[in-house]
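Structure assessment
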Amino acid sequence: MLNSYSIRKFKNKAAYVLCLCCVVIAVVPLASILFEVIARGASQLSIQFLTSNGLEGGIGPAIQGTLILIGLTSLIGVPIGILSGVYLAEFGDNKYASTMRTINDILTEFPSIVVGITAFSIIVIGVTGSFSPLAGAIALSFMMIPIVARTTEEALKLVLNSIREASLALGAHQWKTILRVVLPAARQGLVTGTLLAVARIAGETAPILLTILGNSYFFQGFNQPMDALPLRIFLNSRQPSPEVQAQAWGAALVLILIVLALNIVVRIATKGRFKR
Amino acid sequence: MDTTEKMKTENLNAWFGPKQALKEITLSIKANVVTAIIGPSGCGKSTFIRTLNRMHELVPEARISGQVLLDGQNIYADEVDPVQIRRRVGMVFQKPNPFPTMSIYDNVAAGLKLAGAKKGQALDEIVQKSLQQATLWDEVKDDLRKPGTSISGGQQQRLCIARALAVNPEVILMDEPCSALDPIATAKIETLIRQLAENYTVVIVTHNMQQAARVSDFTAFFYLGKLIEYGETNALFENPKSELTEKYITGKFG
Ligand SMILES: Nc1ncnc2c1ncn2[C@@H]1O[C@H](COP(=O)(O)OP(=O)(O)O)[C@@H](O)[C@H]1O
Ligand SMILES: [Mg+2]
């Protein structure tokens, strides 16, 4: 007999199964990408592959270039992003801030190829006159800043107002309160935001395609073309030679591993003494 | 009781945007005694004590008119730095709010460190003395490096009191400091408040009339943003002059 209880039970079950199906649909492609990259890339890994230059069939310059790009971009993007986030969260109660917030949101969704072509025409052609890591890092900071700013703002808003008041009531200046009380309390959020942004820019191809160009050799200076892993994956995968294509898979695996390793290292290094 | 005046408000009005929360409050707060502020919820008690250390103006669109005198000096005068006022007039909040990222030690030292103090024996001594004054030292002396949030609610509130004492204020404002605590923790804090009055001027907001009667020397009764009655606590409770006060303390409304 179908009473209302068993109907409800059935609906519950159905909703549960539906959710489960969706999770599977979401996870399967992800897992298969990972599987594919490991299956095809792992066989490539060797000291020689990781350390020699492009002419010798290695991806050393690309690894080095990606690390330089991550470092340089973070150097530009993290301070600017965090300070913007602080402004939005702590002083953002006016119309300038809400305009800034909107622009920031648009920038987050900005097509990266547009960032690339803009950096190309302004920096590569206009300022430095050459493809360079600097141009690449500036283009990538354009992508990083909005992400860091947004996540910083969200993280700071989660810090209880009573903590700010406690500090101000002790006679601390506002900037000291932000620096020594609010930012530390939001540390986990800031780290997560920064890592998210790093993961995003580490894999970006379009902005660096037009700014660092690619290079078979190791780093040659801040005003010279440089290599990077996404670029190497893109360029090599379009080559007819199966060996060169296989290198692209190896580079893909290394890129994933670098982002993963960075995540783990940064999380351990910035772990607070206290849980929240 | 005859004591000198520590703070005084004169024709003090306070607003949140268009809403007026305090109306023409003229009230004298005497030195080294406990003054209780009582009144029904929403009558402006919190607003009032937050005007005494210039915390009120931190709320967007909040403003005041009138004067607040500290040792005869108007704390709202143009040349006065609110930061200096807040060091002289400390505050303990309704809910214990130790800094979550700091140890017990660092919580107590926070005010001095934020003002630029360096680590060292002098700081250690101040931390110990403040914790002793807040009657918390014996309970935490072996756990100074543990998080400030790892102790019980009552201990956290005494930690917040120690934190306020460490910057050596002259006046301590307390906004319903026991409302989040159990009766035993409340009793401890009440005893502590009595002790503090020997060295500090204490203003405590409470909606608990028994508490006001137990801890305070003077009591001010607020209603709808106005000061209705002020006097020695015993007199006010035993022999209220205003009918409103009488209704409130006999529980006819509130
Ligand atoms: N941040 C605020 N913004 C607007 N109105 C407020 C704010 N804080 C308090 N008020 C109003 O001011 C009046 C007094 O509040 P408050 O001082 O908190 O009362 P009490 O502490 O006696 O309960 C109340 O009517 C309250 O609604
Ligand atoms: Mg209140």
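Since the structure is predicted, the reported quantities are computational estimates derived from the model, not experimental observations.

**Topic: the interface of chain B and chain A**
When the parts of a complex come together, some accessible area is lost, and that lost area is often used as the size of the interface. Across the contact, 22 residues belong to chain B and 20 residues belong to chain A. Broken down by secondary-structure element, the contributors of at least two residues to the side of chain B that touches chain A are α2 (82-88), β6 (89-92) and α3 (104-114) of chain B. Considered class by class, the residues forming the side of chain B that touches chain A number 13 nonpolar, 5 polar and 4 charged.

**Considerations on the sheet that holds strand β8 (residues 201-205) of chain B**
Strands in a sheet are paired, the pairing made by backbone hydrogen bonds, and the direction either parallel or antiparallel. All names here are of chain B. Read across the sheet, 6 strands follow the order β6-β7-β8-β3-β9-β10 without closing on themselves; strand pairing throughout is mixed. Because the sheet does not close on itself, it has two edges, and the strands there are β6 and β10 (226-232). The sheet shows a mean angle of 20° between the axes of neighbouring strands, direction not considered. Looking at chain direction, β6 and strand β7 (residues 171-175) are connected through 4 bridges and run parallel. Counted as the bridge partner of Val89 is Val171 from β7. Strands β3 (34-38), β6, β7, β8 and β9 (218-223) of the sheet are contacted by helix α1 (residues 45-52), whose axis makes an angle of about 155° with β8.

**Here we look at helix α6 (residues 133-157) of chain A**
Residue and element names in this part refer to chain A. Look at α6: 35 Å from first C-alpha to last across 25 residues, which is about the 36 Å you get at 1.5 Å a residue. In α6, a bend of some 30° at Phe142 exceeds every other bend along the element, and Pro146, a proline, comes one to four places later. Among the 25 residues of α6, 23 are classified as buried, and the element is accordingly described as predominantly covered.

**Considering the site of ligand 1**
All names here are of chain B. Phe16, Lys19, Ala21, Gly39, Ser41, Gly42, Cys43, Gly44, Lys45, Ser46, Thr47 and Val59 make up every residue found near ligand 1. For the shell around ligand 1, the secondary-structure elements that each account for two or more residues are β2 (19-30) and α1. In terms of residue count, the dominant contributor to the shell around ligand 1 is α1 (3 residues). Of the residues assigned to the shell around ligand 1, the class counts are 4 nonpolar, 6 polar and 2 charged.

**Considering the sheet that holds β2(B)**
Residue and element names in this part refer to chain B. Taking strand neighbours across the sheet as the criterion, the 4 strands line up as β2-β1-β4-β5 in an open arrangement whose pairing is antiparallel. Lying at the two open borders of the sheet, with one neighbouring strand each, are β2 and β5 (73-74). Examined bridge by bridge, strand β4 (residues 62-70) and β5 share 2 bridges and lie antiparallel to one another. What sits directly across from Leu70, in β5, is Gln73.

**Remarks on the packing of helix α5 (residues 112-128) of chain A against α6(A)**
Residues and elements named next belong to chain A. It is at 9 Å that the axes of α5 and α6 come closest, and there the two elements cross at 145°. Of the two elements, α5 crosses α6, and the hand of that crossing is right-handed. Contacts between α5 and α6 involve Ser112, Val115, Gly116, Ala119, Ile123, Val124 and Thr128 on the former and, on the latter, Leu134, Ala135, Ile138, Ala139, Phe142 and Met143. Of the residues belonging to the contact of α5 with α6, the class tally is 10 nonpolar, 3 polar and no charged.

**A few points about the pairing of β3(B)**
Residues and elements named next belong to chain B. In terms of burial, β3 is largely enclosed, as 5 of its 5 residues are buried. Of the two faces of β3, the one carrying Val34, Ala36 and Ile38 and the one carrying Thr35 and Ile37 are both buried. Relative to β8, β3 runs parallel, the two being bridged by 4 bridges. Its bridge partner lying in β8, Thr35 is registered against Val203. Bridge analysis of β3 against β9 gives 4 bridges, and the strand direction is parallel. Opposite Ile37, over in β9, you have Ala220 as the bridge partner.

**Focus on the pairing of β4(B)**
Residues and elements named next belong to chain B. Pairing between strand β1 (residues 5-16) and β4: 8 bridges, direction antiparallel. Note that in β4 the partner of Asn13 across the bridge is Ser65. Two successive antiparallel strands, β4 and β5, enclose a turn made up of 2 residues, where Asp71 displays a positive phi of approximately 50°.

**Quick word on the environment of B:Ala220**
Residue and element names in this part refer to chain B. With respect to the helices and strands, the residue Ala220 is situated in strand β9. For Ala220, a count of 26 C-beta atoms within 10 Å puts it in the buried group. Note: C-alpha distance between Ala220 and Lys8 (212 residues apart in sequence) is 13 Å. With sequence-adjacent residues up to four places away left out, Ala220 is seen in contact with Leu27, Thr35, Ile37, Leu227 and Tyr230.

The rules behind each value
Residues numbered from 1 in each chain as written. Chains lettered and ligands numbered in written order. Predicted model: local features only at pLDDT ≥ 70, side-chain atom pairs only at ≥ 80, totals over all residues. Contact = placed C-beta atoms within 7 Å. Helix = DSSP H or I, 4+ residues; strand = E, 2+ residues; numbered from the N terminus. Nonpolar A, V, L, I, M, F, W, Y, C, P; charged D, E, K, R; others polar. Pairing = 2+ DSSP bridges. Axes fitted to C-alpha atoms, helices over the stretch in contact; angles between N-to-C directions. Expected span 1.5 Å × (residues − 1). Bend = angle between axes of the 7 residues up to and from the residue. Buried ≥ 20, exposed ≤ 12 C-beta atoms within 10 Å, placed from the backbone. Near = placed C-beta within 6 Å. Left-handed = near helix turned anticlockwise from the far one by under 90°.

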